[in-house]
Amino acid sequence: MAKRNVWTSQARTDLRAIDQQTALQILKTLARYALTGEGNIKQLQGVEPPLLRLRSQQHRVFFRDMGEYLEISRVLDRKEAYR
């Protein structure tokens, strides 16, 4: 069963600022993870509650897995993601 995606207002703003083709690819990557659990995922160290990072081309999606849903907090270009 696929998990639901819950977007923060900041994550929605981030996604809208990205060109349409790239944003659609990010959404496909996120949907695949929500459905199958597959993807280039890494749990970030030293962050409580645990924050996960999903790679999608040149972008990084930061989210928390809340069990029944994924709470998407940011969508950033990789150059900006770790500053």
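Data block above holds the structure.
Residues numbered from 1 in each chain as written. Predicted model: local features only at pLDDT ≥ 70, side-chain atom pairs only at ≥ 80, totals over all residues. Heavy atoms only, no water.

Mapped onto the secondary structure, alanine 81 falls in helix 3 (residues 78-81). Taking the C-alpha atoms as reference points, alanine 81 and asparagine 5, separated by 76 residues in sequence, lie 20 Å from one another. Each residue touching alanine 81, except ones within four places of it in the same chain, is listed here: Arg60, Phe62 and Leu76. (Helix = DSSP H or I, 4+ residues; strand = E, 2+ residues; numbered from the N terminus. Contact = heavy atoms within 4.5 Å.)

Our next topic: the nonpolar core. Counting residues in each nonpolar core, the largest one holds 16 residues, and the members touching the most others are Val61, Phe63, Ile72 and Val75. The residues contacting valine 75, other than those within four sequence positions of it, are Trp7, Ala11, Asp14, Leu15, Ile18, Ile26, Arg60 and Val61. Formed by five residues, the second largest nonpolar core is a distinct cluster that contains Leu44, Leu51, Phe62 and Leu76. (Core = buried A, V, L, I, M, F, W, Y, C linked by side-chain atoms within 4.5 Å. Buried < 20%, exposed > 50% of the residue type's maximum accessible area, 1.4 Å probe, protein only.)

Counted by the stated rule, this structure contains two salt bridges. Across the salt bridge formed by aspartate 65 and lysine 3, the nearest N and O atoms sit 2.7 Å from each other. Taken together, the residues span a long stretch of sequence, with aspartate 65 in strand 4 (residues 59-65) and lysine 3 in the segment before strand 1 (4-7) at a distance of 62 residues. Note on aspartate 65: relative accessible area 32%, which makes it partly exposed. Aspartate 14 is the salt-bridge partner of arginine 74, the closest N and O atoms lying 2.6 Å from each other. With arginine 74 in strand 5 (residues 69-77) and aspartate 14 in helix 1 (residues 9-16), this pair connects stretches of sequence that are 60 residues apart. According to the relative accessible area criterion, arginine 74 is partly exposed, its value standing at 31%. Residue class for aspartate 14 comes out buried when judged on its relative accessible area of 9%. (Salt bridge = Lys/Arg side-chain N within 4 Å of Asp/Glu carboxyl O.)

Without other data, these values stay purely geometric and don't point to any function.
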